[in-house]
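The lines below spell out each chain.
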Amino acid sequence: MALKLGDVFPNMDFDTTAGKQKFHDWLGDSWGILFSHPADYTPVCTTELGAAAKAAAEFSKRSIKMIGFSIDSIEDHHGWIKDIQKFNDLSGDFPFPLIAGTRKQAEQLGMLDPDEVDKSGMPLTARCVFIVGPDKKVKLSLLYPATTGRNFDEIIRVVDSLQLTAYKKVATPANWKSGDKCMVVPSLSNEDATKLFPKGFETAQVPSGKSYIRLTPDPSK
């Protein structure tokens, strides 16, 4: 069964390129991102893991731990990492571990793509993204087909929104980026909003006459 928003992420035991890990122990009190890929030694995945490695410093600034997942061996992971580094002009230690997952784990996490199969006809893991909070609950899940690579700039943007809205009474509008104006959540009264947002807020004038669109400067800045 696929994980839903708010579900506790299963505390699975994983074999990884950094040794054996239990997910909750690995996550600790941090935020985390787990992303799966269909298979090692595949072209789109090679670009994705390179992009993720290049973005590792940005995730680290946000106290996000990163970990990859596919149904491949530790040996294959280590060999493939060399290709990833060569193709993406990376050097040094790879910045996050890769899980040598099992088909049962992939099924439990709702990762299998019935339309993409390996040479034996078995479904491959899709391009899943799970962002998990310090409370071990799923805050966001994304699912891409094997033919479409992920945009890690967008994932960083989403992380900024999730972390902001987890602690402030705001929501982020379409195409929002950190530093842009935010929207006061509808459940907050004008009186409470005035107390919470010392920079104030503005109410958009719309034909309905309803005052449901309230904008305030990014409260994290």
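Coordinates for the structure precede this section.
Residues numbered from 1 in each chain as written. Predicted model: local features only at pLDDT ≥ 70, side-chain atom pairs only at ≥ 80, totals over all residues. Heavy atoms only, no water.

K.L.:
Sorry, what's going on with the pattern of salt bridges here?
P.N.:
When the charged atoms of two side chains lie near each other, side chains of opposite charge can form a pair. Following the criterion strictly, the structure yields 12 salt bridges and no others. A salt bridge links Asp7 to Lys4; its shortest N-O distance comes to 3.7 Å. When the shortest N-O distance is used, the salt bridge between Asp135 and Lys139 registers 2.9 Å. You can call Asp135 partly exposed: its relative accessible area is 40%. (Salt bridge = Lys/Arg side-chain N within 4 Å of Asp/Glu carboxyl O. Buried < 20%, exposed > 50% of the residue type's maximum accessible area, 1.4 Å probe, protein only.)

K.L.:
Would you mind going over helix H6 (residues 152-167) with me for this structure?
P.N.:
Residues spaced three or four apart along an α-helix face the same direction, because each turn holds 3.6 residues. For H6, which comprises 16 residues, the first-to-last C-alpha distance of 23 Å matches the rise-based estimate of 22 Å (1.5 Å per residue) to within 8%. Listed as buried for H6 are Phe152, Ile155, Ile156, Val158, Val159, Asp160, Ser161, Leu162, Gln163 and Leu164. Its side-chain oxygen placed 2.9 Å from the backbone nitrogen of Asp153, Asn151 serves as the N-cap of H6. (Helix = DSSP H or I, 4+ residues; strand = E, 2+ residues; numbered from the N terminus. Expected span 1.5 Å × (residues − 1). Polar contact = N/O pair within 3.5 Å; in protein donor to acceptor, adjacent residues only side chain to side chain.)

K.L.:
What should I look at first to understand the sheet that holds strand E12 (residues 202-203) in this one?
P.N.:
By way of backbone hydrogen bonds, the strands of a sheet pair with one another, either parallel or antiparallel. Taken together, 4 strands build an open sheet; the order of strands is E10-E11-E13-E12 and the sheet is antiparallel. Where the open sheet ends on each side, the last strands, each with one partner, are strand E10 (170-171) and E12. Relative to strand E13 (residues 214-216), strand E11 (residues 182-184) is paired through 2 bridges, and the arrangement is antiparallel. Its bridge partner lying in E13, Met183 is registered against Leu215. (Pairing = 2+ DSSP bridges.)

K.L.:
What is the right way to look at unusual backbone geometry in this model?
P.N.:
With the exception of glycine, most residues fall at negative phi, and the peptide bonds are largely trans. With phi around 60°, Ser63 is a residue other than glycine that occupies positive phi space. Phi is positive for Asn175, which is not a glycine, with a value near 65°. Note on placement: Asn175 falls in the loop between E10 and E11. According to the relative accessible area criterion, Asn175 is exposed, its value standing at 67%.

K.L.:
In this structure, what is going on with the packing of aromatic side chains? I would like to understand it.
P.N.:
Any pair of aromatic rings gets described here by the distance separating the centres and the angle formed by the planes. Applying the stated criterion across every chain, the model contains 8 aromatic pairs. Their ring planes at 80° and their centres at 6.1 Å tell us that Phe14 and Phe69 sit as a pair that is edge-to-face. Of the two residues, Phe14 is situated in strand E1 (residues 13-16) and Phe69 in strand E4 (residues 64-70); the sequence distance between them amounts to 55 residues. For Phe69, a relative accessible area of 0% gives the class buried. Their ring planes at 40° and their centres at 5.6 Å tell us that Phe23 and Trp26 sit as a pair that is tilted. Here Phe23 pairs with Trp26, and both are found in helix H1 (residues 23-27), just 3 residues apart, close to one helical turn. Here the aromatic residues Phe9, Phe14, Phe23, Trp26, Phe69 and Phe130 are joined through ring pairs into a cluster of three or more. Just above the ring of Trp26 sits the side chain of Lys65; from NZ or CZ to the centre is 6.0 Å. Across from the ring centre of Phe201, 5.9 Å away, lies the NZ or CZ of Arg214, which sits over that ring. (Phe/Tyr/Trp six-rings, centres within 6.5 Å; stacked < 30°, edge-to-face > 60°. Lys NZ or Arg CZ within 6 Å of the ring centre and 35° of its normal.)

K.L.:
Even after reading the chapter, I still don't get the side chain of His77, so can you show me in this structure?
P.N.:
Tracing the chain through its elements places His77 in helix H4 (residues 74-87). Look at His77 and you get buried, because its relative accessible area is 0%. Among the polar contacts made by the side chain of His77, one reaches the main-chain carbonyl oxygen of Ile99 at a distance of 2.7 Å. If near-sequence neighbours (up to four positions away) are discounted, His77 is found in contact with Thr17, His37, Asp40, Ser70, Asp72, Leu98, Ile99 and Ala100. (Contact = heavy atoms within 4.5 Å.)

K.L.:
Sorry if this is basic, but what is going on with the nonpolar core here?
P.N.:
Membership of the largest hydrophobic core comes to 27 residues, with the highest contact counts inside it found for Ile33, Phe35, Leu49, Phe59, Met66, Phe96 and Ile131. Sorting elements by how many residues they give to this core places H6 first, with 6 residues. Every residue in contact with Phe96, bar those within four places of it in the chain, is listed here: Phe35, Leu49, Ala52, Ala53, Met66, Ile67 and Gly68. With 19 residues, the next largest nonpolar core counts Phe9, Trp26, Leu34 and Ala106 among its residues. (Core = buried A, V, L, I, M, F, W, Y, C linked by side-chain atoms within 4.5 Å.)

By themselves, these are just geometric observations and shouldn't be taken as functional.
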